[in-house]
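A structural walkthrough
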Amino acid sequence: MSNKDRNILRALEGILRAQETIRSGTSICVEAGLALLRGYHERLPLATARRLTELAPEVLAAIPHAISGWGTEEERRCLAASAASDAAMAQVRRAVDAYRERLGMATLEEGGGTWDERA
């Protein structure tokens, strides 16, 4: 097990949890989820981040403004719809499962818990 792969898995699981938070729909959860999603995404190596094509770079770049005092509810709603879309979540879920398999762990479908649940 490489530390690099474990760190990538932690970041991917963090993105997935952030997407779930965004989907809760309450304003504060959407803002927090967007901030967390961007933070976890920034922890990924560039090659891994580029493979997450459903998380568009322009969406990620717009998050700081949208969650600031100058952002609007509509901006946050649009970013949330993209960042936590079915396609984006499915892509992240597949990436999480790929890294879990690489590390010899159960996939999400097999009932594997997140890294935090295992700690």
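Located above this text is the structure these notes cover.
Below is a summary of the structure that appears in this document. All residue numbers refer to position in the chain's written sequence, counted from 1. Selection of residues for local features in this predicted model requires a pLDDT of at least 70, selection of side-chain atom pairs for listing and counting requires 80 or more, and totals for whole chains, interfaces and linings are taken over all residues. Only hydrogens and water are set aside; all other atoms, that is, all heavy atoms of the structure, feed into the side-chain values.

Digging into the packing of aromatic side chains
- Centre distance within 6.5 Å is the pairing criterion for rings of Phe, Tyr and Trp, where only the six-membered ring of Trp is used; planes under 30 degrees apart are then read as stacked, over 60 as edge-to-face, and the remainder as tilted. For the structure shown, the criterion picks out 0 aromatic pairs.
- Two conditions define a charge sitting above a ring: the NZ of Lys or the CZ of Arg must be within 6 Å of the ring centre, and it must be within 35 degrees of the ring normal. Its guanidinium or amino end placed over the ring of Tyr99, Arg102 lies 4.5 Å from that ring's centre, counting from NZ or CZ.

With respect to the environment of Asn3
- You can see Asn3 is positioned in helix 1 (residues 3-23).
- Put simply, Asn3 and Ala32 are 29 residues apart on the chain and 27 Å apart in space, counted from C-alpha to C-alpha. Helix and strand assignments follow DSSP, with helices taken as H or I runs no shorter than four residues and strands as E runs no shorter than two, numbered in order from the N terminus.

Quick look at helix 4 (residues 57-67)
- Burial classification: accessible surface area is computed with a 1.4 Å probe over protein chains only, and a residue below 20% of its type maximum counts as buried, one above 50% as exposed, and the rest as partly exposed. Every buried residue belonging to helix 4 is among Val59, Leu60, Ile63 and Ala66, and all of these are buried. All buried residues of helix 4 project into a common sector of 115° when viewed along the axis, lining one side. Opposite the buried face of helix 4, by more than 90 degrees, sit the exposed residues Pro57, Glu58 and Ala61.
- Any two residues whose heavy atoms approach within 4.5 Å at even a single point are treated as in contact. Looking at the buried side of helix 4, the elements it contacts are helix 2 (27-43) and helix 5 (73-83). Arc definition: it is the arc formed by the directions from the helix axis to the C-beta atoms.

Quick notes on the pattern of salt bridges
- Criterion for a salt bridge: a side-chain nitrogen of Lys or Arg within 4 Å of a carboxyl oxygen of Asp or Glu. For the structure shown, the criterion picks out 7 salt bridges.
- For Glu73, the salt bridge goes to Arg76, with nearest N and O atoms at 3.3 Å. In this pair, Glu73 and Arg76 are both assigned in helix 5, 3 residues apart and thus about one turn of the helix distant.
- For Glu73, a relative accessible area of 36% puts it in the partly exposed group.
- Of the residues examined, Arg76 reaches a relative accessible area of 10% and is grouped as buried.

Let's talk about the packing of helix 2 against helix 4
- Contact geometry for helix 2 and helix 4: axes closest at 10 Å, N-to-C directions at 140°. For the pair helix 2 and helix 4, the crossing hand works out as left-handed. On helix 4, the residues touching Glu31, Leu34, Ala35, Leu37, Arg38 and His41 of helix 2 are Leu60, Ala61, Ile63, Pro64 and Ile67.
- Gly falls in the polar group here, along with every residue not listed as nonpolar (Ala, Val, Leu, Ile, Met, Phe, Trp, Tyr, Cys, Pro) or charged (Asp, Glu, Lys, Arg). A breakdown of the residues in the contact of helix 2 with helix 4 according to their chemical character gives 8 nonpolar, 1 polar and 2 charged. Axis geometry follows a simple rule: fit a line to the C-alpha atoms, using only the stretch in contact for helices, then measure angles between N-to-C directions, giving values from 0 to 180 degrees. Handedness of a crossing is defined here by the sense of rotation of the near helix relative to the far one, left-handed for an anticlockwise turn of less than a right angle and right-handed for a clockwise turn.

Quick word on the state of the cysteines
- Working definition: a disulfide is two cysteine sulfur atoms within 2.5 Å of each other. Within this structure, the stated rule accounts for 0 disulfides.
- Cysteine Cys29 remains unbridged, with the sulfur of Cys78 as its closest cysteine sulfur at 19 Å.

Comments concerning the environment of Leu108
- On the secondary structure map, Leu108 appears in the loop between helix 6 (86-102) and helix 7 (115-118).
- When the C-alpha positions of Leu108 and Asp97 are compared, they lie 6.4 Å apart, and in sequence the two are 11 residues distant.
- Excluding its chain neighbours within four sequence positions, the residues that come into contact with Leu108 are Leu16, Arg93, Val96, Asp97 and Arg100.

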